[in-house]
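# Structural features, examined
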Amino acid sequence: MKKVSIAIMLVFSLGQAFAQDQNPNLSSGAVVDSLKKRISNLEESLSVSIKESVVGEKNKTIAKYKEGLLSIRSGLEKGAEIEMIVPYTSNLLALKDLSETLALINNPTAKSVGTAFTDMVVQSATENLLPKYTNPVENTTAKSKFSSVLNAIFNGPIIQSLINSNPISSTINAAIQQAGFFQKRETTASLSKQQLNSINSHTSASIAVNLGNPDGPAFGDVEINKFNASLQDRVNFYSELNDYGVKQSLETQRLYTELGTIKKTLKASKTELCKVLSISPNDVSIALDAKYNPDGLDIDRMKGYLNSQEFNRAIVLSNYAKDQLPDVKDFNNAVIDALIEYINGYITILNKHAGIANAKLDKALVAHQVAKLEKIKSNLKKL
């Protein structure tokens, strides 16, 4: 368009020059020389204008290309951050140190916060549910066997997975069931005269005799109530931990859902941008310069890239990365805040029940677990 304008201006100028040289006082030769000079000047001016127009257009192309390339470089940086933050956030939600610490606190066979819950159950069941033998030796033997059997059950690998998932009911039920086996048994048997007469020195016979206690276990509702009452404060501790965990699991599930949404909308990762640009993701800066550095490209190559679908798509994705990165960072911070709040809740529960005597929590052991949780919380705050 600019070249056309220059050409029109040239024609107009030539017309003016011709009109001005129609002076009757000048010779025809002078008129021709004057006209040639004006044409020469106009051609030179036109050449300069065209060159300036070409240079201007070239500069615009270079500027536009460099601007697009700068946007892509920024997008690759933002995409690399997104690729790093998203899986890191996912790992935070399944924080290993925290889950291990909480699993240890909830483990009924562990002495992580005081007397093991299983030990409390064994002791209470021994005192309240076992039959009272008149012979002290039998009493001691029964208690020893009972304790040995229960500890073997509670610490066995098969039962461990069950009682760790539900430490209260599984542990208590196992104790009550085992106590039922330690019922008093009859030491005498009644035989009829006919049964006795059927046995003589020349025959062998087996006679079924039930020596069990027809009244069942030695304990009833009174003993069960005493058994439950002795464990109530520790059960309250586990119940509060469980209720809090259920509440927090809903929040964790919400965060996982939001994380899933973010993952599905991750269109501007470094890997995706490299795929669009057909460059290696291993050393992005070198790969990008090798293919797109403007210092190694002529103007036609720049125009070609500017008009290519890949280059323009990379610019769009880069701009998307700039918009999405703040959201990804905000979500990561929200997860950290949620974890800190989650830990604070457990610390509160531990400290609360450490002051209840019948819960049989060791204050020093509780303080040790609280210190571990505080350290995890401190590390989260540094992120």
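Structure first, text after, so check above.
Let me sum up the structure you'll find in this document. (Residues numbered from 1 in each chain as written. Predicted model: local features only at pLDDT ≥ 70, side-chain atom pairs only at ≥ 80, totals over all residues. Heavy atoms only, no water.)

### Brief notes about the layout of surface pockets
Computed from the structure, the second largest pocket encloses a volume of approximately 230 Å³. Around the second largest pocket, the lining comprises 16 residues; the ones closest to its centre are Leu93, Leu98, Thr252, Leu339 and Tyr342. Breaking the lining of the second largest pocket down by element, the ones donating at least two residues are helix H2 (28-93), helix H3 (96-106), helix H9 (221-264) and helix H13 (309-354). When residues of the lining of the second largest pocket are assigned to their parent elements, the largest contribution, six residues, is made by H9. Looking at the lining of the second largest pocket, its residues break down into ten nonpolar, five polar and one charged. (1 Å grid on protein atoms, 1.4 Å probe; cavity = no way out; pocket = protein on both sides within 12 Å on 5 of 7 lines; lining within 4 Å. Points joined across faces, edges and corners; volume = space filled by probe spheres on them. Helix = DSSP H or I, 4+ residues; strand = E, 2+ residues; numbered from the N terminus. Nonpolar A, V, L, I, M, F, W, Y, C, P; charged D, E, K, R; others polar.)

### Focus: helix H12 (residues 299-306)
Among all positions in H12, only Met302, Tyr305 and Leu306 are buried. Buried residues of H12, seen end-on, are gathered within an arc of 100° and therefore sit on one face of the element. (Buried < 20%, exposed > 50% of the residue type's maximum accessible area, 1.4 Å probe, protein only. Arc of directions from axis to C-beta.)

### Let's talk about the side chain of arginine 234
Here arginine 234 lies in helix H9. This buried residue, arginine 234, is left without a salt bridge; aspartate 119 holds the nearest opposite charge, at 8.8 Å. One polar contact links the side chain of arginine 234 to the main-chain carbonyl oxygen of alanine 359, over a distance of 2.8 Å. (Lys, Arg positive; Asp, Glu negative; His and termini not counted. Salt bridge = Lys/Arg side-chain N within 4 Å of Asp/Glu carboxyl O. Polar contact = N/O pair within 3.5 Å; in protein donor to acceptor, adjacent residues only side chain to side chain.)

### Describing the packing of helix H10 (residues 270-277) against helix H11 (residues 284-292)
In contact at an axis separation of 12 Å, H10 and H11 are set at 20° when each is read in the N-to-C sense. By the criterion of interaxial angle, the relationship of H10 to H11 is roughly parallel. Crossing of H10 over H11 shows left-handed handedness. The segment H10 lies against H11, with Lys270, Cys274 and Leu277 engaging Val284, Leu288, Lys291 and Tyr292. Taken together, the residues of the contact of H10 with H11 break down into five nonpolar, no polar and two charged. (Axes fitted to C-alpha atoms, helices over the stretch in contact; angles between N-to-C directions. Parallel < 35°, antiparallel > 145°, perpendicular 65-115°, else oblique. Left-handed = near helix turned anticlockwise from the far one by under 90°. Contact = heavy atoms within 4.5 Å.)

### Topic: helix H5 (residues 136-155)
With 20 residues, H5 extends 28 Å between its outermost C-alpha atoms, agreeing within 8% with the 28 Å of an ideal straight helix rising 1.5 Å per residue. Listing the buried residues of H5 in full gives Asn139, Ala142, Phe146, Leu150 and Phe154. Viewed along the axis of H5, the buried residues span an arc of 90°, placing them on a single side of the element. Opposite the buried face of H5, at more than 90 degrees from it, the exposed residues are Val137, Thr140, Lys145 and Ala152. At the N-terminal end of H5, a side-chain oxygen is found 2.9 Å from the backbone nitrogen of valine 137, two or three residues along, and the residue is asparagine 135. (Expected span 1.5 Å × (residues − 1).)

### Quick look at the packing of aromatic side chains
Under the defined criterion, the tally for this structure stands at ten aromatic pairs. Relative to tyrosine 305, the ring of tyrosine 65 has its centre 6.3 Å away and its plane inclined at 25°; by these criteria the two rings are stacked. Of this pair, tyrosine 65 sits in helix H2 while tyrosine 305 sits in helix H12, and the two are 240 residues apart along the sequence. The two residues tyrosine 65 and tyrosine 305 agree in class, both being buried. With a centroid separation of 5.7 Å and an interplanar angle of 40°, the aromatic rings of tyrosine 292 and phenylalanine 311 are classed as tilted. Highlighted residues: tyrosine 292 in helix H11 and phenylalanine 311 in helix H13, separated in sequence by 19 residues. The two residues tyrosine 292 and phenylalanine 311 agree in class, both being buried. In this structure an aromatic cluster arises from ring pairing among Tyr65, Tyr292, Tyr305 and Phe311. (Phe/Tyr/Trp six-rings, centres within 6.5 Å; stacked < 30°, edge-to-face > 60°.)

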